[in-house]
Amino acid sequence: MRFLKLALSSIFVLCTYLFAFSQVVQKPTQVPGLIVVRMNDSQAKVDDLSELLLQFNVKYAKALFPMAEKPVREFKNGHKTIDLTRYIEIQLADDAQKSQCILALNKSGFVEYAEPRYIPELLYIPDDPQHSNQYYLQNVMAYDGWDIHKGDSATVIAIVDTGLDMDHEDLIYTIAYNYDDPIDGIDNDNDGFVDNFRGWDMGDNDNFPQNEMNEHGTLCAGMAAADSDNGLGVVGTGFDCSILPVKVQDEDSLLSRAYEGIIYAADQGADVINCSWGNTYFAQFEQDVVQYAAINRDALVVASAGNDHNDVNFYPASYDFVLSVAGTTSTDEKWTPENGNSSGGSSYGYFVDVAAPAIRIMTTSDGGDYRQAYAGTSFSGPIVAGVAGIVRSYYPQMSALQAIEHLKNSTDVIDTIPFNQEWKGLLGTGRINMLKALSEPIKPGLVFQNITIFDDRVDDYQNTRMVEITGDLFNYLRDASNVTIQANVLSNNASVITPTIDLGSVDSLQAVSVESGNLQLELDDPVAYDDKVIVELEITADDFSRIQYVVFYTRPSYRDISNGDMHLSVPSNGMFGFVDYSRQIGNGLNYLEFRDLFYDAAWVMGTSEDALLDAFRVDNSFSVLQTTQQEDHPLADEFVYGEFRAYNIEAAINLNVQQKVYAWNDLPNLFLIDLAFVNQNMVDLNDFYASLFVDWDLFKSSRNRIIWDDVKDFAYAEHTGDVNLFGGFKLLSDVPLKHYAMDQLVNGDGLVDLTNGLSSEEKFYCMTHTNHSAGATGDGSDIVQSFGFGPINLPTEDTVHIVLGMLVGQSFYEMQTAVDSLQARYALLYPDESGISISGNALIDCFPNPSNGMITVSIRQSGTQSGTLHIYNMYGGLVYQAEVISGEKLMLPLENGVYHMSFENNQVSIMRKLVISKP
């Protein structure tokens, strides 16, 4: 059997995607010009990169953690330690050079990876500051827990956030002051931070982590460990624990040094680190930082699960070695827009570990005040961080990862609450309970990790439908006996071959392997495309029971295509870049080191607003028929073919859509997309429109604009900042073009408003009207375009053939050149369709043809006697360019072969074939 192996982290998660876009999509931004590098070995230094960096405008290149020391051990308790001496930070003066620099670094042989820095977002919804008491203390059983233990000031909870109101009456005496480094202008403790007596401001790189712009950090600090028994204000769940202020917000209000803040907190000995922020972008550097804190420094990292009311992976909460916290209400219901009277709701998913209250939390606020923090998993996190501080103080022998498992073991189950049935298994083990964590006996802590999935997807399951799951069952806590794993498939698309595995005993801090042949499934026949398989593993032992989930997708409907510089995932379900509009399946559109050039892209087609088939931010109307990839295609270096069905019996639409995508290594700026729409209905399909809706995200999504080029008749988006980045489309077929550009701003253009959801009426309006410009004022905006064609008539059993090009580049010249190359390649592939004047009916001749290299160009159109001649080889590569006048003789320095000529000026654009035949 030929199997494909999929390696997974502790729990493999690719989340579902059935949620609605009802507002502007929030997209992570990057720190301008900043690159983080992990060198490929601990001996590599900044100097090794000096020659490479000479070609870039570098402000500085330095060790990211200059005070770091190489770890003594490569592994600790079975987990790999992180060597911070290998990390380098490079700051470019010119942000436009960042992608080229990252590309050069990754190709240099000196680095393991180089990547940009992404900026996380805060996770709270400020609103409705009405008075309320601290109900959450009762919910998490804090009062009863404090009767057992109140923590101590030696236990430190780091608030990595926007800073604190340092003089707040309920915080000033709970700060973990560093008496080894008093404020005297000297680095007395030699830790690299001068006078870090009361924390550090990573954003501004000074010793005063005072909140200056956003009280978010002050709110979180009060929930975790506001001063206790002082007759003032509120009390945090951490009671007597101390707070380490770590400000990571910079002067531009961005959390630009969030992960450096985690490192600082870990190095300062924080027992718990709270992170009430994040985004949906995975970065290896960020995972490394979390691993360093948890493994090297034994810090318990707590992170909020997100406020998007969906199950999209959110980071750092979804990274390994993090305690991920979802949000609930006072009645232990999952926080939602309905029961929270809010615009957001707690995110959820199999990455969530525990839950805690998230709404209407009374806490400290700026100016020495108190207020109710309205809603957000920002507040669930520090509540749990305070409880974690108490637990770490009470059980000092527990490591951070052991404490995480103990906290998960001691929650109250909330899946059985009727309101929560929709999210059963997606809210962790339950709502946190301090009393149980301090009073119940220590149980085993069994976790199935290092998971790998084996299946036959590479051969489309022709050999076998069997799936094997392997991994290690690791025991973090007390010795376990009579250990079993009971497997059950919840998704009704597979059956378990071996439902029960008996593993005997697993000692504390030991693992037992679940090897090939132990845990096997059989997929239903036929195996569906993009079908989510949910495997529930009930792990039991004496005095222990835990449900864990393994989630994977079968038979992916997308294939990746590349020309060397561009990389695109091509699904066969009417979308581009990603199979799902939560962007969990697929790899997007990437160019050089620029990731995700568009947020999402999908086809919409139909004959009226009531007869649309749609895949753009709605439940997909299209069904996958097949998808294949061919690397040895005779006409292209890479080729992807897919079919999908567009069927709506009420609208009398029954189309088979056959999609081909071509890529050539000598044309690194374009893909050619060929679509055939086959009418399989018994009636003619009249006034049919189809349009590709694309949400461009060129570098900073808020600084994009869309422009129409009248000379070459194509639409393109461009980034308006210092980074030069372009993307666009060119329609090649002779059908009516429809192009509509939109700003993602409140009220939109008065006709189409993307911020409140894009209705069928608005989509059809875009498909049938023209607006060539968006983001035209100021620095641009977040933009979307609808690029398509119509109206056309499609007789029964007939086919309409449409060809267009997807283009990218780093200059307008590159985009224009890409259009020329696209035209030439189109002419080569479709000689019967090309050769038609794109603008006007001009004619161009050259003679003799075939030629020995000498030609005379003849232009026969009134007023059109001069222009630019381009000649392309049979692969679309430009080999000759000149300004020509009708009747002029040219000697072409060309080898024998078939070429394509393009003549153009501001009036016409024509292509012809040319054959060079020398004796």
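Relevant structure appears above.
Here's what I pulled together on the structure shown here. Please read these numbers as outputs of a predicted model, since none were measured by experiment.

**Thoughts on the overall build of the protein**
Okay, step 1: Looking only at helices and strands, one finds 13 helices and 51 strands in the protein.
Okay, step 2: Scaling as 2.2 N^0.38, a compact globule of 919 residues should have a C-alpha radius of gyration of about 29 Å, and the protein matches this with 30 Å.
Okay, step 3: Based on the C-alpha atoms only, the size of the protein along its principal axes is roughly 100 × 65 × 55 Å.
Okay, step 4: Out of the 919 residues belonging to the protein, those deemed buried represent 61%.
Okay, step 5: Pairs at least 24 apart in sequence give 71% of the contacts found in the protein among residues at least 6 apart.
Okay, step 6: For the protein, the computed accessible surface area is about 34,000 Å², with 46% contributed by carbon and sulfur atoms.
Okay, step 7: The average position of the 54 basic charges and that of the 126 acidic charges among the side chains of the protein differ by 4 Å.

**Focus: the packing of helix H5 (residues 216–225) against helix H9 (residues 377–394)**
Okay, step 1: In contact at an axis separation of 7 Å, H5 and H9 are set at 35° when each is read in the N-to-C sense. Regarding H5 and H9, the two cross each other, and that crossing is right-handed. Packed against H5, whose contacting residues are His 216, Leu 219, Cys 220, Met 223 and Ala 224, the element H9 presents Ser 378, Phe 379, Pro 382, Ile 383 and Gly 386 at the interface.
Okay, step 2: Taken together, the residues that form the contact of H5 with H9 break down as 7 nonpolar, 3 polar and no charged.

**Let's talk about the environment of Lys 150**
Okay, step 1: Summarising the element assignment, Lys 150 is placed in the loop between helix H4 (142–148) and strand E9 (156–161).
Okay, step 2: The spatial distance from the C-alpha of Lys 150 to the C-alpha of Tyr 292 is 28 Å, given a sequence separation of 142 residues.
Okay, step 3: Those residues in contact with Lys 150, other than ones at most four positions away along the chain, are Gly 238, Phe 239, Asp 240, Cys 241 and Ile 390.
Okay, step 4: Only 3.2 Å separates the side chain of Lys 150 from the backbone oxygen of Trp 146, close enough to count as a polar contact.

**Overview of the pattern of salt bridges**
Where charged atoms from two side chains of opposite charge approach closely, those side chains can pair.
Okay, step 1: Within the structure shown, the criterion is met by 32 salt bridges.
Okay, step 2: Notably, a salt bridge pairs Arg 38 with Glu 112, separated by 2.2 Å at the nearest N-O pair. Residue Arg 38 is located in strand E2 (residues 29–39), and its partner Glu 112 is located in strand E7 (residues 111–119); the two are separated by 74 residues in the primary sequence.
Okay, step 3: For Arg 38, a relative accessible area of 11% puts it in the buried group.
Okay, step 4: Judged by its relative accessible area of 39%, Glu 112 is partly exposed.
Okay, step 5: Two residues, Asp 332 and Arg 431, come together in a salt bridge whose shortest N-O distance is 3.0 Å. Of the two residues, Asp 332 sits in the loop between strand E15 (322–328) and helix H8 (337–340) while Arg 431 sits in the loop between helix H10 (400–409) and helix H11 (434–439), which places them 99 residues apart along the sequence.

**Structural notes on the side chain of Asp 530**
Okay, step 1: Structurally, Asp 530 can be placed in the loop between strand E25 (520–523) and strand E26 (531–541).
Okay, step 2: At 2.5 Å, the side chain of Asp 530 forms a polar contact with the side chain of Ser 557.

**A closer look at the packing of aromatic side chains**
Okay, step 1: Tallied over the entire structure, the rule returns 37 aromatic pairs.
Okay, step 2: Taking 5.1 Å as the distance between ring centres and 25° as the angle between the ring planes, the aromatic pair formed by Tyr 177 and Phe 197 counts as stacked. Placement of Tyr 177 in the loop between E9 and strand E10 (200–201) and of Phe 197 in the loop between E9 and E10 is noted, with a sequence separation of 20 residues between them.
Okay, step 3: Here Tyr 177 falls in the partly exposed class, since its relative accessible area comes to 23%.
Okay, step 4: Given a relative accessible area of 19%, Phe 197 falls into the buried group.
Okay, step 5: Through pairs of rings, three or more aromatic residues link up here, namely Phe 598, Trp 696, Phe 729 and Phe 787.
Okay, step 6: Above the ring of Phe 75, the side-chain terminus of Lys 80 is found at 5.4 Å from the ring centroid.
Okay, step 7: Taking the ring centre of Phe 239 as reference, the NZ or CZ of Lys 150 above it sits at 5.7 Å.

**Some thoughts on the sheet that holds E15**
Okay, step 1: Taken together, 7 strands build an open sheet; the order of strands is E10-E11-E9-E12-E14-E15-E16 and the sheet is parallel. Each edge of the open sheet is held by one strand with a lone partner, namely E10 and strand E16 (354–357).
Okay, step 2: The sheet contact formed by strand E14 (residues 300–304) and E15 spans 4 bridges and is parallel. For Ala 303, the partnering residue across the bridge sits in E15 and is Ser 324.

**Thoughts on unusual backbone geometry**
Okay, step 1: Residue Pro 316 is reached from Tyr 315 by a cis peptide bond, and omega for that bond is 15°.
Okay, step 2: Counting through the fold element by element, Pro 316 comes out in the loop between E14 and E15.
Okay, step 3: Along the chain, Gly 790 connects to Pro 791 via a cis peptide bond; the corresponding omega equals 0°.
Okay, step 4: With respect to the helices and strands, the residue Pro 791 is situated in strand E43 (residues 783–794).
Okay, step 5: Backbone geometry places Phe 321, a non-glycine residue, at a positive phi of 70°.
Okay, step 6: Note on placement: Phe 321 falls in the loop between E14 and E15.
Okay, step 7: By relative accessible area, which is 16% here, Phe 321 ends up buried.
Okay, step 8: Even without a glycine there, the phi angle at Asp 332 is positive, about 70°.
Okay, step 9: Using a relative accessible area of 12% as the deciding quantity, one classes Asp 332 as buried.

**Details of the packing of H9 against H10**
Okay, step 1: Interaxial distance between H9 and H10 falls to 10 Å at its minimum, and their mutual angle equals 115°. Remark: the crossing between H9 and H10 carries right-handed chirality. Contacts from Val 387, Ala 388, Val 391 and Arg 392 of H9 reach H10 at Ala 400, Ala 403, His 406 and Leu 407.
Okay, step 2: Classifying every residue of the contact of H9 with H10 gives 6 nonpolar, 1 polar and 1 charged.

About the cut-offs
Residues numbered from 1 in each chain as written. Predicted model: local features only at pLDDT ≥ 70, side-chain atom pairs only at ≥ 80, totals over all residues. Heavy atoms only, no water. Helix = DSSP H or I, 4+ residues; strand = E, 2+ residues; numbered from the N terminus. Rg over C-alpha atoms; globule rule 2.2 N^0.38 Å. Buried < 20%, exposed > 50% of the residue type's maximum accessible area, 1.4 Å probe, protein only. Contact = heavy atoms within 4.5 Å. Areas by Shrake-Rupley, 256 points an atom, 1.4 Å probe, with all protein chains shown as cover. Lys, Arg positive; Asp, Glu negative; His and termini not counted. Charge placed at Lys NZ, Arg CZ, Asp CG, Glu CD. Axes fitted to C-alpha atoms, helices over the stretch in contact; angles between N-to-C directions. Left-handed = near helix turned anticlockwise from the far one by under 90°. Nonpolar A, V, L, I, M, F, W, Y, C, P; charged D, E, K, R; others polar. Polar contact = N/O pair within 3.5 Å; in protein donor to acceptor, adjacent residues only side chain to side chain. Salt bridge = Lys/Arg side-chain N within 4 Å of Asp/Glu carboxyl O. Phe/Tyr/Trp six-rings, centres within 6.5 Å; stacked < 30°, edge-to-face > 60°. Lys NZ or Arg CZ within 6 Å of the ring centre and 35° of its normal. Pairing = 2+ DSSP bridges.

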